[in-house]
Amino acid sequence: MAKVSAINKNNKRIKLSDKFYKKRKHLKKIIMDKKITLEDRFKAQQKLSKLPRNSAKIRVRNRCQITGRPHGVYRKLKISRIALRQLGLEGKIPGMIKSSW
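Residues numbered from 1 in each chain as written. Predicted model: local features only at pLDDT ≥ 70, side-chain atom pairs only at ≥ 80, totals over all residues. Heavy atoms only, no water.

Draft legend 1. Quick look at the overall build of the protein. If you tally the helices and strands in the protein, you get four helices and two strands. The N-to-C order of helical and strand elements in the protein reads α-α-α-β-β-α. Relative to its length of 101 residues, the protein is extended, with a C-alpha radius of gyration of 20 Å against a globular reference of 13 Å. Dimensions of the protein along its principal axes, counting C-alpha atoms only, are 65 × 30 × 20 Å. Expressed as a percentage of its 101 residues, the buried residues of the protein come to 25%. Restricting to contacts in the protein with at least 6 residues of sequence separation, those with at least 24 account for 38%. For the protein, the computed accessible surface area is about 8700 Å², with 56% contributed by carbon and sulfur atoms. (Helix = DSSP H or I, 4+ residues; strand = E, 2+ residues; numbered from the N terminus. Rg over C-alpha atoms; globule rule 2.2 N^0.38 Å. Buried < 20%, exposed > 50% of the residue type's maximum accessible area, 1.4 Å probe, protein only. Contact = heavy atoms within 4.5 Å. Areas by Shrake-Rupley, 256 points an atom, 1.4 Å probe, with all protein chains shown as cover.)

Following this line, the structure appears as structure tokens:
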């Protein structure tokens, strides 16, 4: 089980990235557009840098929804390999059985 503070910090980053997603996308579009004057692009760059750092999508950590474990997490399922194995052994995942050969 991960530290509660690390899980809470990551949840805060997720909320911030969702909140500022459209604004960041709009400013980045202005910055990358070569048809806009250099002065306007520079102003957009300054506005982007004033936004909170944790509002960037890249700062969100991929964590297990059950345990909070940061490593070995399946993206589609959003749970770690260990939690997936445990749920499979308990019979809580339909169609998943223990392999033996």
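The structure having been displayed, the exposition proceeds.
Draft legend 2. Region of the structure containing the packing of helix 2 (residues 21-32) against helix 3 (residues 38-50). Axis separation between helix 2 and helix 3 bottoms out at 8 Å; the angle between their running directions is 150°. One element, helix 2, and the other, helix 3, form an angle in the roughly antiparallel class. As for the relative orientation of helix 2 and helix 3, their crossing is left-handed in sense. Residues R24, L27, K28, I30 and I31 of helix 2 lie in contact with helix 3, whose contacting residues are D40, R41, A44, Q45, K47 and L48. (Axes fitted to C-alpha atoms, helices over the stretch in contact; angles between N-to-C directions. Parallel < 35°, antiparallel > 145°, perpendicular 65-115°, else oblique. Left-handed = near helix turned anticlockwise from the far one by under 90°.)

Draft legend 3. Main features of the nonpolar core. Ranked by size, the top nonpolar core spans eight residues in total: L16, F20, L27, I30, I31, A44, L48 and L51. Where this core is concerned, the elements lending two or more residues are helix 2 and helix 3. When residues of this core are assigned to their parent elements, the largest contribution, three residues, is made by helix 2. Apart from residues no more than four positions distant in its own chain, L16 is found in contact with N54 and S55. If you look at the next biggest cluster of nonpolar residues, it comprises five residues, including V73, I79, A83 and L84. (Core = buried A, V, L, I, M, F, W, Y, C linked by side-chain atoms within 4.5 Å.)

Draft legend 4. Local environment of the side chain of S55. For S55, the location among the structural elements is in the loop between helix 3 and strand 1 (73-74). Judged by its relative accessible area of 2%, S55 is buried. At a separation of 3.0 Å, a polar atom in the side chain of S55 contacts the side chain of R24. A polar side-chain atom of S55 sits 2.5 Å from the main-chain carbonyl oxygen of P52. (Polar contact = N/O pair within 3.5 Å; in protein donor to acceptor, adjacent residues only side chain to side chain.)

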